[in-house]
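Fold and geometry: a report
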Amino acid sequence: MTKAPLDGRVAVVTGGTRGIGAAIATSLAEDGAAVVVSGRDADRLGRVAKDLEGQGRAVLAVAADAAKREDCDRLVDAAKERFGRIDILVNNAGITRDGLLVRMKDEDWDRVMEVNLRGAFLMTRAAAKAMVRQKSGGRVINIASTAGAMGNAGQANYSAAKAGLIGFTKAAARELAHWGILVNAVAPGLIETDMAAAITAGAREALLAQVPLKRIGTAREVAEMVRFLAGDGAAYVTGQVFHVNGGLYM
Ligand code: NAI
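Attention here is on the structure that accompanies the text. Source: prediction; values computed, not measured. (Residues numbered from 1 in each chain as written. Predicted model: local features only at pLDDT ≥ 70, side-chain atom pairs only at ≥ 80, totals over all residues. Heavy atoms only, no water.)

**Things to note about helix H6 (residues 156-176)**
- An ideal rise of 1.5 Å per residue puts 30 Å on 21 residues; H6 measures up with 30 Å between its terminal C-alpha atoms.
- Among the residues making up H6, those that are buried are Asn157, Tyr158, Ser159, Ala161, Lys162, Leu165, Ile166, Thr169, Ala172, Ala173 and Leu176.
- Residues of H6 that are buried sit in contact with helix H4 (106-134), strand E5 (138-143), helix H5 (146-150), strand E6 (181-188), helix H7 (194-197) and strand E7 (241-244). (Helix = DSSP H or I, 4+ residues; strand = E, 2+ residues; numbered from the N terminus. Expected span 1.5 Å × (residues − 1). Buried < 20%, exposed > 50% of the residue type's maximum accessible area, 1.4 Å probe, protein only. Contact = heavy atoms within 4.5 Å.)

In structure tokens form, the structure reads like this:
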């Protein structure tokens, strides 16, 4: 039997119970990685674990809030305990709390920063420590957004957090290169998930009108880019932002 591309490697995907995160967990598992998925909903975690196990994959589901330091440390410890190591981290957990800037509540700003940006820092710090000790490199893939590159009206908090995540990606890439840990970002455009379902029909049409490919993307199409960045083919790629957006932003 031929060896799968990620055989023997362990991947952690935050917010991996639905949408883009679930598609990423599935594609990494298909490539042979043992996958640890985190989320906050125990029922959904159980379902994802059962699904992947049913397909013969090695999976661990851990309830953890990506914005809490103790939870991030516990998640990385659980991955190490169950699978012995950690090779790939995908910082996917993200939320929106949209609103006009002049009316935005402090807590909507803070919570979006906490989950989307601080969460990625906390997870990367915990995982990178383990990767450095393992001395066999690693991959960190941050799920940013087109909003972080071009801004989006009604999403000052989210755009700032995702732009911050891109800066964080570049700084971490420079710092962690010494240990062979490659850090990249994937910036999806409009993708069909629960998050996109929350956008009003009017705003969705207006966005779609700006997409040269004239359609919404799928979670699987984002996962394909992550699959590439996690694999050996991306060995000379770090500190980059990969846009998966049908041409919305070039
Ligand atoms: P989603 O809302 O369907 O899924 C987000 C996942 O993150 C869920 O599993 C949720 O439980 C989890 N999550 C949220 N807060 C969490 C926390 N504090 N701790 C742990 N898990 C948490 O959203 P979707 O669309 O799958 O988004 C995934 C990522 O892609 C997010 O970072 C989002 O910002 C980004 N993105 C999505 C786009 C879209 O059009 N759907 C466009 C650009 C970026």
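Don't stop here, the text continues.
**What about the pattern of salt bridges?**
- The final tally for this structure, using the stated rule, is 16 salt bridges.
- Between arginine 9 and aspartate 232 there is a salt bridge; the shortest N-O distance is 3.1 Å. Here arginine 9 is found in the segment before strand E1 (10-13), whereas its partner aspartate 232 is found in the loop between helix H9 (219-230) and E7, with 223 residues between them in sequence.
- Glutamate 114 is paired through a salt bridge with arginine 111; the nearest N and O atoms lie 2.9 Å apart. Taken together, the residues span about one helical turn, with glutamate 114 and arginine 111 both in helix H4 at a distance of three residues.
- Look at glutamate 114 and you get partly exposed, because its relative accessible area is 30%.
- Bridged by salt links that share partners, the residues Glu30, Asp31, Arg220, Glu224 and Arg227 form one connected network. (Salt bridge = Lys/Arg side-chain N within 4 Å of Asp/Glu carboxyl O.)

**Some thoughts on the environment of alanine 147**
- As for its position among the elements, alanine 147 is in helix H5.
- Take alanine 147: its relative accessible area is 6%, and that puts it in the buried class.
- Here the alpha-carbon distance between alanine 147 and leucine 207, two residues 60 residues apart in the chain, equals 12 Å.
- Contact partners of alanine 147, with chain neighbours within four places excluded, come to Asn152, Gln155, Tyr158 and Ser159.

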